[in-house]
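Chains, contacts and geometry: an overview
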Amino acid sequence: MRKALRLRRLSRPRDDRYLFVPLDHSVSDGPVVPRDRWHELIRAVVVGGADAVIVHKGRVRTIDPGLLGSCALVVHLSAGTAHAVDANAKVLVGEVEEALRLGADAVSVHVNIGSDTEERQLVDLGVVANACDSWNVPLIAMVYPRGPRIGDPRDPALLAHVVNIAVDLGADLVKTNLALPVERMAEVVASCPIPVLVAGGPASGGNPVDHARAAMAMGCAGLAVGRRVFTSPAPLALVAELASVIHADHHAGLVPAMTGAAS
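Structural notes, computed from the coordinates. This one's a predicted model, so the numbers in the text were calculated from it and none came from an experiment. (Residues numbered from 1 in each chain as written. Predicted model: local features only at pLDDT ≥ 70, side-chain atom pairs only at ≥ 80, totals over all residues. Heavy atoms only, no water.)

Notes on the packing of helix α3 (residues 38-48) against helix α11 (residues 235-247)
This is how the line gets drawn: Each axis is a line fitted through C-alpha atoms, taken for helices only over the stretch in contact, and angles between the N-to-C directions span 0 to 180 degrees. Each helix is a run of DSSP H or I of at least 4 residues and each strand a run of E of at least 2, with the numbering of both proceeding from the N terminus. Our angle categories are set so that under 35 degrees counts as roughly parallel, over 145 as roughly antiparallel, 65 to 115 as roughly perpendicular, and the remainder as oblique. For any pair of crossing helices, the crossing counts as left-handed if the nearer helix is rotated counterclockwise from the farther one by less than a right angle, and right-handed if it is rotated clockwise. Residues count as neighbours in contact if any of their non-hydrogen atoms are within 4.5 Å of one another.
Two numbers describe how α3 lies on α11: the axes approach to 8 Å, and their chain directions differ by 25°. By the angle between their directions, the pair α3 and α11 is classed as roughly parallel. You can see that α3 and α11 cross each other, and the crossing is right-handed. Contacts between α3 and α11 involve L41, A44, V45, V47 and G48 from the former and P235, L236, V239, A240 and A243 from the latter.

Focus on the nonpolar core
So the rule is basically this: Nonpolar core, defined: a set of buried Ala, Val, Leu, Ile, Met, Phe, Trp, Tyr and Cys residues in which side-chain atoms within 4.5 Å join the residues together. When a residue's accessible area, from a 1.4 Å probe over protein chains only, is under 20% of the maximum for its type it is buried; when over 50% it is exposed; and in between it is partly exposed.
Core analysis: the biggest nonpolar cluster contains 67 residues, and L23, L41, V107, L139 and L223 have the highest contact counts within it. When near neighbours in sequence (up to four residues on either side) are disregarded, V107 contacts V74, V75, L77, V96, A99, V128, C132, V137, P138, L139 and I140. I54, I140, M142 and L197 belong to the second largest nonpolar core, which has 16 residues in total.

Digging into the pattern of salt bridges
For clarity, the cut-off: Salt bridge criterion: a side-chain nitrogen from Lys or Arg within 4 Å of a carboxyl oxygen from Asp or Glu.
This structure, assessed with the given rule, holds 10 salt bridges. Between R184 and E187 there is a salt bridge; the shortest N-O distance is 3.0 Å. Residue classification places R184 among the partly exposed residues on the basis of a relative accessible area of 35%. Via salt bridges that share partners, K3, D133 and D172 belong to a single interconnected network.

Description of the packing of helix α9 (residues 208-217) against α11
At a closest axis distance of 9 Å, the pairing of α9 and α11 adopts a crossing angle of 15°. Overall, the two elements α9 and α11 adopt an arrangement that is roughly parallel. Note on packing geometry: the crossing formed by α9 with α11 is right-handed. On the side of α9, the interface is formed by P208, V209, A212, R213 and M216, while α11 contributes L238, E241, L242, V245 and I246.

Structural measurements only, silent on function.
Structure representation (structure tokens):
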């Protein structure tokens with residue numbers, strides 16, 4: 001029951017649709033925004049209508065708790081940097097109990113299928129899934145076809161495989177790439193008994209709102225969009241547009257209420 005309650009908090013209008021904003025890139029790639037813009041960015045994400053923000057455990061301490069009254073907190077437990085010998089390697093750097101002490105509503109784990117350390121990452125996903133069951137905490141698995149043995153990371157059959165790995169190892173939601181051609185993403189969603197979210201796409205790749213419309217039209221349950229948000233000149237407006245696509249009719253009355261509460 002408690003896990004069900006936490007899962008409901010991950011969707012602000014309670015429509016089982018999700019807009020997550022991952023801001024964990026500071027570990028993998030470097031600072032997301034300068035220090036003096038961090039509070040402004042979090043406020044824009046919340047007021048814009050994001051359902052959850054995803055950060056590493058230490059970064060939680062830099063977020064004003066008052067900003068998260070209506071927005072869920074997800075603590076990301078995986079880490080790896082772009083400077084490593086294997087940039088696709090991920091290791092666990094946190095635990096579920098630790099995330100709970102920080103006030104997390106859910107945790108997330110990153111797995112790269114096809115990487116040289118796939119075996120270790122699968123073990124880590126299974127370990128975290130077991131802890132999540134013990135503590136009644138939702139688990140978001142970010143599972144990508146990524147590594148030297150992957151020819152096409154947007155192949156629909158391959159994506160159907162990776163999202164079902166998340167299912168079988170105990171995830172409650174799974175995030176992966178959008179298939180190409182886009183129409184075949186419907187096959188990926190149809191293969192998977194848990195909600196499928198897609199990544200926001202590369203920073204240089206097209207209109208993120210069009211990307212969201214395409215994903216939702218194929219039956220996806222939402223998006224996890226980080227880089228496109230924090231590099232946007234108007235993150236609040238972009239998040240609001242994305243939320244209106246993902247939540248459709250439910251979003252209309254939500255943003256004005258949040259705006260008044262957060263001002």
